[in-house]
Structure formats: C-alpha cells, structure tokens
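# Notes for the structure review
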Amino acid sequence: MNFFKTLQKTSFFIALLLPFLSNAQSNYKPGYIVNAKGDTIMGAIDYREWLSNPNTITFKTSDGSQSKKFTPAEIALFSIDGLETYQSYSGPISLDPPVTDHRDSAFINNTVFLKVLQKGSRLSLFSYVDNIKMRLFLEENSQPGIREMVHKVYYKMENNGGQFARQVEVNDNAYLKQLTALAVKYNVYDDALQSDMARTGYYEEDVLKIVSKINGLSYADYKEKETSKGKLNLFAGVGLNATATKPFGAYKKA
C-alpha cells in the first residue's frame, strides 16, 4: 500500500512539473518573420543561441497562438529583437573543408538561413556556419545577388628547380581581391585601408571592419552595428595577394 501511495505522490509532482519543464526547454524572444509574400509578422522566436546556422526556427504570433516551425524555403527573413537576424538564401555553398590536400571546388546548391552581420548603404555581409566550416557571403546593394566570398587553403607539391619536390601551403584569398575592387570602386581605398587589409583574415570580425569602412561607417558606428564576434575559422589567409604559397611542415626549413 505504501508503494502505491508513493507512486501516486511521485506521479502528482511530475504532472505539476511538466509545464515548467516544457517552458524551460524553450526560450522565446520578441521578434518577427517576413514571409514569402513580404509581409512582416510580429511575434516571438525560440532563440537557441545557435553555434551554427539553424535549419528551422519555431515562431509564434503575438496573440500566443500555437507555435509553428519555418524553414528558409518558407520565409524570407527572421529577426530576434536586439540579438540576431537571419535571411534566406538559395544558391551555391562550398563544401571543401578548411584545409585540403588539393584545390577542392566542390559545392552544393541549397536553401539556408544566412546570419546578417551588416546591412550597409553599399554592401551587406552575411555568414554561414555548419559542421564543415564558416563561410562569408557578400552582396553589393546596387547589384542584388548574394555570393560566397572565396577563401581556400590547400597543399600542393612544388618542384624546386628540378632538384627535389616540396609540399607548399596555398592560400587562395580571392575575398581580399573582391574587397579591394569594391573599395576602389567606392573611392575609399587609401593607405590606411590597405594597411588594414594586410591584416584581414577570413574571420567575421576582420571582414566586417573592412565592409564597414566601405559602407562609410565610423569606428563608433561599426561598434554599434557589430552583431557577431569570435574568430570561427582558424585557417585564415593574411595579405593582399589573391594566392599565396608557403612551405609546409618539414619543408619550411628547406
């Protein structure tokens, strides 16, 4: 008899706790979505402090009606007030890992949520992180169309004057060439910006600083608009050359 009483009490307390446990599993924050028709719908979004870009989000309208999941194919944009904004993108996404033993141009066409790092008067910058790597995407507002900023690190064998072959690391920094061309186009390319670019790696924060300057933002404006920190890609190329090579491993001393 005591066993059944204990079981009844346990079941009663579990029933009481279930609503609280359910609420603890969600983290709704005020925000909005923009649907495929361009309509803005206010409500709340279950914020998960994503380490990688979400594949779906859970949204409920302001009236507290039942929540609903959305994919990037179903909505154009979602924003969590004061925290993060993501925009839907359909197009090619590179698949090569951060470092390879050859130049890998593999990609997939997909529809995903891109994190909005900055929407400026001239350029918009986005990022996409999955289990492969971090990628940066750029859009020139006068020529709509989001494109991935190319950065590849790979190794190749190089013949040293016919005497012996050595393995070298190649940094394909095409994103620097792209940023330089845009800075020249908007007449902001000067000695200071050139110096900054020489220290710009393929990191969110580094590229965001350059994009901010091309957008004509002051340092104070940049800090105010900055929405993402943390150097996620450990394999950044440095320097203005579109492609740079250097010895790797045991070949460095040689």
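The text that follows walks through the structure, step by step, so that each part is easy to find. The structure displayed is predicted, hence computed values, not measured ones.

Rules used throughout
Residues numbered from 1 in each chain as written. Predicted model: local features only at pLDDT ≥ 70, side-chain atom pairs only at ≥ 80, totals over all residues. Heavy atoms only, no water. Salt bridge = Lys/Arg side-chain N within 4 Å of Asp/Glu carboxyl O. Helix = DSSP H or I, 4+ residues; strand = E, 2+ residues; numbered from the N terminus. Buried < 20%, exposed > 50% of the residue type's maximum accessible area, 1.4 Å probe, protein only. Pairing = 2+ DSSP bridges. Axes fitted to C-alpha atoms, helices over the stretch in contact; angles between N-to-C directions. Parallel < 35°, antiparallel > 145°, perpendicular 65-115°, else oblique. Left-handed = near helix turned anticlockwise from the far one by under 90°. Contact = heavy atoms within 4.5 Å. Polar contact = N/O pair within 3.5 Å; in protein donor to acceptor, adjacent residues only side chain to side chain. Phe/Tyr/Trp six-rings, centres within 6.5 Å; stacked < 30°, edge-to-face > 60°.

Another point: the pattern of salt bridges. Considering all chains together, one arrives at 9 salt bridges under this definition. Among the salt bridges present, the one from Lys 133 reaches Asp 96, with a minimum N-O distance of 3.2 Å. Of this pair, Lys 133 sits in the loop between β9 (123-129) and β10 (134-140) while Asp 96 is found in the loop between β6 (84-94) and β7 (99-100), placing the two residues 37 residues apart along the sequence. Like Lys 133, the residue Asp 96 is buried in the burial classification. The salt bridge involving Asp 130 is made with Arg 135; its shortest N-O contact spans 3.1 Å. The exposure class assigned to Arg 135 is buried, which follows from its relative accessible area of 0%.

Looking now at the pairing of β6. The buried fraction of β6 amounts to 8 of the 11 residues, a majority that puts the element mostly inside the structure. Bridge analysis of strand β5 (residues 75-80) against β6 gives 4 bridges, and the strand direction is antiparallel. The residue of β6 that forms the bridge with Ser 79 is Thr 85. From the end of β5 to the start of β6, which pair antiparallel, there are 3 residues, and Gly 82 there has a positive phi angle of about 70 degrees. As paired strands, β6 and strand β8 (residues 107-119) are joined by 9 bridges and run antiparallel to one another. Residue pairing in the sheet places Tyr 86 in a bridge with Lys 115 of β8.

On to the packing of helix α2 (residues 174-185) against helix α4 (residues 204-214), then. Look at α2 against α4: their axes get within 10 Å of each other, and the N-to-C directions meet at 15 degrees. When the axis of α2 is compared with that of α4, the two are roughly parallel. Here the hand of the crossing between α2 and α4 comes out left-handed. Contacts between α2 and α4 involve Tyr 175, Leu 179, Leu 182 and Ala 183 from the former and Val 207, Ile 210, Val 211 and Ile 214 from the latter.

Pairing within the open sheet is antiparallel, and its 10 strands lie in the order β4-β3-β2-β1-β5-β6-β8-β9-β10-β11. Because the sheet does not close on itself, it has two edges, and the strands there are β4 (68-70) and β11 (143-148). Each strand of the sheet is rotated relative to its neighbour by a mean of 35 degrees, with strand direction disregarded. Bridge analysis of strand β1 (residues 28-35) against β5 gives 5 bridges, and the strand direction is antiparallel. Note that in β5 the partner of Gly 31 across the bridge is Ile 80. Along the sheet, α2 contacts β9, β10 and β11; its crossing angle with β10, the most-contacted strand, is approximately 25 degrees.

Here Glu 49, not a glycine, exhibits a phi torsion of approximately 45 degrees, which is positive. Along the polypeptide, Glu 49 turns up in the loop between β2 (40-46) and β3 (57-61). You can call Glu 49 exposed: its relative accessible area is 55%.

A separate point is the side chain of Ser 124. Turning to its location among the elements, Ser 124 is positioned in strand β9. The exposure class assigned to Ser 124 is buried, which follows from its relative accessible area of 1%. Here Asn 141 takes part through its side chain, which lies 3.2 Å from a polar atom of the side chain of Ser 124. If we ignore the near neighbours within four places in the chain, the residues touching Ser 124 are Gln 118, Lys 119, Phe 137, Leu 138, Glu 139 and Asn 141.

What follows is about the packing of aromatic side chains. Taken as a whole and assessed by the stated rule, the structure comprises 8 aromatic pairs. Measuring from ring centre to ring centre gives 5.7 Å for Trp 50 and Tyr 86, while their planes differ by 85 degrees; the resulting arrangement is edge-to-face. With Trp 50 in the loop between β2 and β3 and Tyr 86 in strand β6, this pair connects stretches of sequence that are 36 residues apart. Tyr 86 carries the same exposure label as Trp 50, and that label is buried.

Next up on the list: α4. Where burial is concerned, most of α4 is hidden: 9 out of the 11 residues are buried. For α4, the full list of buried residues reads Glu 204, Glu 205, Asp 206, Val 207, Leu 208, Ile 210, Val 211, Ser 212 and Ile 214.

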